[in-house]
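Survey of secondary and tertiary structure
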Amino acid sequence: GFIIVVGLVVDDAIVTAENIYSRLKTGIDPIEASVLGTKEVAVPVTFGVITTIVAFLPLLTFQGQWGTFAKQIPPVIAPVLLFSLIESKLILPAHLKHLKTGRTDFNFFTRFQKRIADGLETFVEKVYQPSLRLAIEHRYSVCATFFAMALLMAGYCQGGRLGFVSMPSVDRLRITAYIDLPNDTPLEQTDIYVQRIASKVDQLRAEFIDKGSGRSLITNLHEQTGDYDRGSTVLKENEGEIAIEILPPSQRKSPGPRNSVIAKRWKELVGELPEAQSFRIRAEQSGRGRSGENRDEEPVEIELRGPNSPEKVETAHQIKDLLESYEGISDAYTKVRGDADELEISLKPRAAELRLTQQSLANQIRQAFYGE
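Residues numbered from 1 in each chain as written. Predicted model: local features only at pLDDT ≥ 70, side-chain atom pairs only at ≥ 80, totals over all residues. Heavy atoms only, no water.

A word on the overall build of the protein chain
Where we set the bar: Helix and strand assignments follow DSSP, with helices taken as H or I runs no shorter than four residues and strands as E runs no shorter than two, numbered in order from the N terminus. Partly exposed describes any residue whose relative accessible area lies between the buried limit of under 20% and the exposed limit of over 50%, with all areas from a 1.4 Å probe on protein chains only and scaled to the type maximum. Between two residues, a contact is recorded if the distance between any of their heavy atoms is within 4.5 Å. Using a 1.4 Å probe, accessible areas were evaluated by the Shrake-Rupley method; residue-level cover was limited to the displayed protein chains.
Helix and strand counts for the protein chain come out as 14 helices and four strands. Expressed as a percentage of the 372 residues in the protein chain, the buried residues total 24%. Within the protein chain, contacts between residues at least 6 apart in sequence are counted, and of these 68% link residues at least 24 apart. Summing over all exposed atoms, the protein chain offers an accessible surface of approximately 26400 Å²; the carbon and sulfur share of this is 59%.

Given below as structure tokens:
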């Protein structure tokens, strides 16, 4: 919060000091110049500080992870700005009354600083003040001009000529296919599907060629059968990953197709995999992936909640087909979890007398299955 407010905390002092200095240059008494200069800008400076504090107050209403960070800012900014306001009204004028004007014994740095200050004052007198007087005298024309410019900009944006993408998609140097089969699928069966997907890469190599150099846009292939969750030693035999590396743009003679085109063609070659709970191909970096994760968050996610049923599965596939019918959606998939058997084990009342806990029971069962 203090770092954010560093650039704002000196604004009131600068305005007050500049006004006092301008009064001192007229030759009036320094004490009178300090009092008069402070009073003249007291109202706008005070309201400027108050509006800045009010602008940061909504950060107190933020929730979640961002709220934890945002709520720390207003309690720092508000007192810092208030103390700065008090300092600029009570302490700064007392110091500035000792400021001397009309000095002639300047060192090199002071002379350099004075040239810049004199140049700015000349600009204010010769350019800014005449322009300001002209704008005030013809204020209606100035307002109409800016209103017309605002209409032109609004029309330019609404007309589609000015594009805006908050989270642009950027092509990676690799395209990755993920397959997720039912939980009871053995590793050997998962590997069959992995090999089926990987076998289509040779055809991709033949179809996507850099026209200038004659090199294939597909360079290397990586296959992985089974996967581990982060922090876990249990192999998930029902998951597989196939990745292909793309020729970097710096090594191409022509731009070539986007990764989404290659991924779409790869998916067409593989065809439907009805046995898979999900099959998806990632070709772009959306900028929304969480820190430390290899897989991106989806730009659009739809979740169906309720008991598992054939109707729920059919609805999920209908939504997938509907999304794929829209232009611009390159990869839609469903992830349907099948029914899984669950065994509930509880302790008898006498277990408490033997100092057995639910946690110790869970550890015994886990060690029996995984040999830990």
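Details of the environment of Pro44
With respect to the secondary-structure elements, Pro44 resides in helix 4 (residues 42–56). For Pro44, a relative accessible area of 52% puts it in the exposed group.

What to know about the packing of helix 1 (residues 2–9) against helix 6 (residues 74–96)
We apply this condition: Helix axes are fitted only over the stretch in contact, all axes being lines through C-alpha atoms; the angle between N-to-C directions runs from 0 to 180 degrees. In what follows, roughly perpendicular refers to angles from 65 to 115 degrees, roughly parallel to angles under 35, roughly antiparallel to angles over 145, and oblique to any angle outside these ranges. Helix crossings fall into two classes, left-handed where the near helix is turned counterclockwise from the far one by less than a right angle and right-handed where it is turned clockwise. Residue type decides the class: Asp, Glu, Lys and Arg count as charged, Ala, Val, Leu, Ile, Met, Phe, Trp, Tyr, Cys and Pro as nonpolar, and the leftover types, Gly among them, as polar.
Their axes nearest at 9 Å, the elements helix 1 and helix 6 cross at an angle of 25 degrees. By the angle between their axes, helix 1 is roughly parallel relative to helix 6. As for the relative orientation of helix 1 and helix 6, their crossing is right-handed in sense. For the pair helix 1 and helix 6, contact is made by Phe2, Ile4, Val5, Leu8 and Val9 and by Val76, Ile77, Val80, Leu81 and Ser84, respectively. Classifying every residue of the contact of helix 1 with helix 6 gives nine nonpolar, one polar and no charged.

A look at helix 4
To keep it simple, the criterion reads: For a helix, the expected span equals 1.5 Å multiplied by the number of residues minus one. Working definition: the arc comes from the directions between the helix axis and the C-beta atoms, pointing outward to the latter.
An ideal rise of 1.5 Å per residue puts 21 Å on 15 residues; helix 4 measures up with 22 Å between its terminal C-alpha atoms. Those residues of helix 4 not exposed but buried are Val45, Val49, Ile53 and Phe56. Projection of helix 4 onto a plane perpendicular to its axis shows the buried side chains occupying an angular sector of 70 degrees, all on one side. Opposite the packed face of helix 4, turned more than 90 degrees from it, sit the exposed residues Val43, Pro44, Phe47 and Ala55. Looking at the buried residues of helix 4, the elements they touch are helix 1, helix 2 (11–24) and helix 6.

Digging into the pairing of strand 3 (residues 235–246)
Stated formally: Pairs of strands are assigned from DSSP output, requiring at least two bridges between the strands.
Taken together, the seven bridges between strand 1 (residues 170–180) and strand 3 define a ladder with antiparallel strand orientation. Residue pairing in the sheet places Arg174 in a bridge with Glu245 of strand 3.

Thoughts on the nonpolar core
Side chains that are nonpolar tend, in soluble globular proteins, to be buried together. Formally: In these notes, a set of buried Ala, Val, Leu, Ile, Met, Phe, Trp, Tyr and Cys residues joined through side-chain atoms within 4.5 Å is what counts as a nonpolar core.
Ranked by internal contacts, the top residues of the largest apolar core, which has 27 residues, are Ile175, Ile179, Ile197, Ile244, Trp266, Leu273 and Phe279. Of all the secondary-structure elements, those providing two or more residues to this core are strand 1, helix 9 (187–198), helix 10 (201–207), strand 3, helix 11 (259–270) and strand 4 (278–285). With five residues, the single largest contributor to this core is helix 11. Counting 14 residues, the second-largest nonpolar core is a separate cluster that includes Ala70, Ile77, Ala78 and Leu85.

A short note on the side chain of Ser34
Our working rule: Contacts described as polar in this section are N or O atom pairs within 3.5 Å, which, within protein, must combine one atom able to donate a hydrogen with one able to accept it, while residues neighboring in sequence count only if both atoms come from side chains.
By secondary structure assignment, the location of Ser34 is in helix 3 (residues 30–40). Polar contacts involving the side chain of Ser34 include one to the main-chain carbonyl oxygen of Pro93, which spans 3.3 Å. Residues in contact with Ser34, not counting those within four places in the same chain, are Ile20, Pro93, Leu96 and Lys97.

Concerning the pattern of salt bridges
Threshold: By definition here, a salt bridge exists when the distance from a side-chain nitrogen of Lys or Arg to a carboxyl oxygen of Asp or Glu is within 4 Å.
Following the criterion strictly, the structure yields nine salt bridges and no others. One salt bridge in this structure joins Asp118 and Lys114, with 2.9 Å as the shortest N-O distance. Residue Asp118 and its partner Lys114 are located together in helix 7 (residues 108–137), separated by four residues, close to a single helical turn. Exposure remark for Asp118: the relative accessible area of 32% places this residue in the partly exposed category. Across the pair Arg265 and Glu268 runs a salt bridge, and its minimum N-O distance is 3.5 Å. One end of the pair, Arg265, and the other, Glu268, are both in helix 11, three residues apart, so they sit about a helical turn from each other. Taking the relative accessible area as the measure of exposure, Arg265 reaches 26% and is therefore partly exposed. Salt bridges linked by common partners bring Glu207, Arg265 and Glu268 together as one network.

Regarding helix 2
The end-to-end C-alpha distance of helix 2 is 20 Å, a good match for the 20 Å that 14 residues give at a rise of 1.5 Å each. By the burial criterion, the buried members of helix 2 are Asp12, Ala13, Thr16, Asn19, Ile20 and Leu24. Taken around the axis of helix 2, the buried residues stretch over an arc of 145 degrees, which confines them to a single face.

Thoughts on unusual backbone geometry
Residue Arg355 is not a glycine yet carries a positive backbone phi of 65 degrees. Tracing the sequence through the fold places Arg355 in the loop between helix 13 (350–353) and helix 14 (358–370).

Observations regarding the confidence of the model for the protein chain
Detailed reading of the predicted model is not advised wherever pLDDT is low. To keep it simple, the criterion reads: You can read pLDDT as the predictor saying how much it trusts each residue, on a scale of 0 to 100.
Across the protein chain, the average pLDDT comes to 84, with 90% of residues at 70 or higher. When mean pLDDT is compared element by element in the protein chain, helix 8 (residues 139–158) scores highest at 93, while helix 1 scores lowest at 76.

A word on the side chain of Arg280
Mapping Arg280 onto the fold places it in strand 4. A distance of 3.0 Å separates the side chain of Arg280 from the side chain of Ser278, its partner in a polar contact.

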